Amino acid sequence: MSVRKLNVVLTRRLPDAVETRMRELFNTELNLTDTPMDREALAAALQRADILVPTITDRIDADLINGAGEQLKMIANFGAGIDHIDVDAAVARKIIVSNTPGVLTEDTADIAMSLILSVSRRVVEGANVVTNGQFKGWTPTWMCGRKLYGKRLGIVGMGRIGQALARRAKAFGMQVHYHNRKPIPDMLAEELGATWWDDLDPMLARMDVISLNCPATKETHHLLSAERLSLLQPHAIVVNTARGELIDEEALAEALKAKAIFGAGLDVFEQEPDVYPGLIGLPNVVLLPHLGSATIEARQDMGDRVIANIMTFQNGHRPPDRVIPAML
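Parameters and conventions
Counting from 1, residues in each chain are numbered in the order their sequence is written. Confidence filtering applies because this is a predicted model: local features only for residues at pLDDT of at least 70, side-chain atom pairs given and counted only at 80 or more, and all residues used for totals across whole chains, interfaces and linings. With hydrogens and water stripped out, all remaining heavy atoms of the structure feed into the side-chain values. Numbered from the N terminus, helices here are DSSP runs of H or I no shorter than four residues, and strands are runs of E no shorter than two. Throughout, radius of gyration means the C-alpha value; the globule benchmark is 2.2 Å times the number of residues raised to the power 0.38. Buried means the residue's accessible area, taken with a 1.4 Å probe over protein chains only, is under 20% of the maximum for its type, while exposed means over 50%, and partly exposed covers the values in between. Only the protein chains shown count as covering a residue, and every accessible area follows the Shrake-Rupley method with a 1.4 Å probe. Neither His nor the chain ends is counted toward charge; the positive residues are Lys and Arg and the negative residues Asp and Glu. By convention, the charge on Lys lies at NZ, on Arg at CZ, on Asp at CG and on Glu at CD. Between any two strands, pairing holds if DSSP finds at least two bridges. Think of it like this: strands point away, you trace from the first strand over the helix to the second, and a clockwise trace means the crossover is right-handed. UniProt positions are given in the numbering used here, feature names are shortened, and annotations may be inferred rather than shown by experiment. A pocket here means an open set of points on a 1 Å grid, computed over the protein atoms alone, that has protein on both sides within 12 Å along at least five of seven lines. A cavity is instead a set of points where a 1.4 Å probe fits but cannot get out; residues with an atom within 4 Å of a point line either one. Grid points are joined across faces, edges and corners, and a volume is the space filled by probe spheres set on the points. Each residue receives one of three labels: charged for Asp, Glu, Lys and Arg, nonpolar for Ala, Val, Leu, Ile, Met, Phe, Trp, Tyr, Cys and Pro, and polar for the others, Gly being one of them. The angle between two axes is taken between their N-to-C directions and runs from 0 to 180 degrees, where each axis is a line fitted to C-alpha atoms and a helix contributes only its stretch in contact. What makes a salt bridge here is a side-chain nitrogen of Lys or Arg within 4 Å of a carboxyl oxygen of Asp or Glu, nothing more. Any two residues having at least one pair of non-hydrogen atoms within 4.5 Å are treated as being in contact.

Let's shift gears to the overall build of the protein. A tally of helices and strands in the protein yields 12 helices and 13 strands. By the compact-globule yardstick of 20 Å for 328 residues, the protein fits well, its C-alpha radius of gyration being 22 Å. When its C-alpha atoms are laid out on the principal axes, the protein stretches across 75 × 50 × 30 Å. Expressed as a percentage of its 328 residues, the buried residues of the protein come to 48%. For the protein, the accessible surface area stands at approximately 16,400 Å², while carbon and sulfur atoms represent 53% of it. Positive and negative side-chain charges in the protein, numbering 35 and 41 respectively, have mean positions lying 4 Å apart.

See below:
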């Protein structure tokens, strides 16, 4: 007896191999133009899909979920972060939410370390000098950045990505500190040479580099506020590869303009894809277009995890990456 294939709707273009496999396994509706779905299109998709596969660009709030058809059983997110999905509303409707944790850990940590290096050594600023034909030759005092060896890195959020960044920073001779809701196991802390701070503010005031690696929640909105930015030392660097909402971008721009801090490196933005205008053009900030998971390998792995979650659900089992409110 044949089993009805699930109706799966993709909101964006995914890697070809992922889309092809999904077409083999499910009745899969592709978005060949890769045009982000507006609210009306998302509402319509929720009316016809058994499984919706959204991305970070899709805001799926309680009103959309409550208006979904009775056939919708699962939201299988393509990505680790799920702050764009109202998980509570989904659970109330008995709709399963899953994500793709772990597969983008190393890639995001690479970007965080790249930003730390780029800002501290003024790499992008120097590259622009050469590109614009302004390089007149080496001088002893020109374009001096700051060395990383021996500096203190404060990681805010010591999950998978925070730990991966700590390993990279340790290889560069940095001293690793971190703020987390609770300390990591002693054996891991010893491996990373990591010092735990239960209070964020004292850590911020003592670090040379701050890296944000925590999720976006109501509690972490504008975690780096104007008040907290004022705690940083004048030579400090701020790096954010997590979520734009973690930083008050207006306050950050003012701190950078006033040279109250040395620099910043951002891969995410509060109103993404819009960037706060005050940040654009500043010489001491490096702005990237959300490259954290942008490797061929990571995007393929993310798609494979989405497929595994859907297949597990289809076979009557709990998806391995199911998200529940208690996890948030």
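Bringing the pairing of strand S6 (residues 152-156) into the picture now. Counted residue by residue, S6 has 4 buried out of 5 residues, so it is predominantly covered. When S6 meets strand S7 (residues 175-179), the two strands line up parallel, connected through 5 bridges. The residue of S7 that forms the bridge with Val156 is His179. For the segment spanning S6, helix H7 (residues 160-171) and S7, crossover handedness is right-handed. In terms of strand pairing, S6 meets strand S9 (residues 209-212) through 4 bridges, oriented parallel.

In the numbering used here, UniProt assigns the "domain: D-isomer specific 2-hydroxyacid dehydrogenase NAD-binding" (unreviewed entry) feature to residues 113-292. Regarding residues 113-292, the helix share stands at 30% and the strand share at 16%, and the terminal C-alpha atoms are separated by 11 Å.

Enumeration over the complete set of coordinates arrives at 1 cavity of 30 Å³ or more. Of the pockets and cavities examined, the largest cavity occupies roughly 50 Å³. In this structure, the largest cavity is lined by Ser120, Arg146, Lys147, Leu148, Lys151, Asp208, Val209, His235 and Ile237. The residue makeup of the lining of the largest cavity, split by class, is 3 nonpolar, 2 polar and 4 charged.

Moving on, we get to the sheet that holds S9. Reading across the sheet, the 7 strands line up as S8-S7-S6-S9-S10-S11-S12 and stay open at both edges, with parallel pairing between neighbours. Two strands lie at the open edges of the sheet, namely strand S8 (194-197) and strand S12 (285-287), each paired on one side alone. Between one strand and the next, the sheet's axes are offset by a mean angle of 15 degrees, whatever the strand orientation.

Let us look at the UniProt feature "domain: D-isomer specific 2-hydroxyacid dehydrogenase catalytic" (unreviewed entry) in the protein. According to UniProt, the feature "domain: D-isomer specific 2-hydroxyacid dehydrogenase catalytic" (unreviewed entry) maps to residues 17-323 in the numbering used here. Within the segment residues 17-323, helix and strand shares are 36% and 14% respectively, and the terminal C-alpha atoms sit 26 Å apart.

On to the pattern of salt bridges, then. Counted under the stated rule, the structure contains 16 salt bridges. A salt bridge links Asp110 to Arg168, with the shortest nitrogen-to-oxygen separation between them at 2.8 Å. In this pair, Asp110 is assigned in helix H5 (residues 105-120) and Arg168 in helix H7, connecting sequence segments 58 residues apart. Between Glu125 and Arg122 there is a salt bridge, with the nearest N and O atoms lying 2.9 Å from each other. Judged by relative accessible area, Glu125 falls into the partly exposed class, the value being 23%. Using a relative accessible area of 23% as the deciding quantity, one classes Arg122 as partly exposed.

Another point: the sheet that holds strand S1 (residues 7-10). What the 6 strands build is an open sheet, ordered S2-S1-S3-S4-S5-S13; its pairing is mixed. Two strands bound the open sheet, and with one partner strand each, they are strand S2 (27-29) and strand S13 (322-323). Where S1 meets S2, 3 bridges bridge the pair, whose relative direction is parallel. Counted as the bridge partner of Asn7 is Asn27 from S2. Together, S1, strand S3 (51-53), strand S4 (74-76) and strand S5 (96-98) form the strand contacts of helix H12 (residues 296-314), whose direction differs from that of S4 by roughly 160 degrees.

Relative to the assigned elements, Met74 resides in strand S4. Spatially, the C-alpha atoms of Met74 and Arg146 are 48 Å apart, while their sequence positions differ by 72 residues. With residues near it in sequence (within four places) discarded, Met74 still touches Asp50, Ile51, Leu52, Ile95, Ile96, Ser98, Asn309, Ile310, Phe313 and Pro319.

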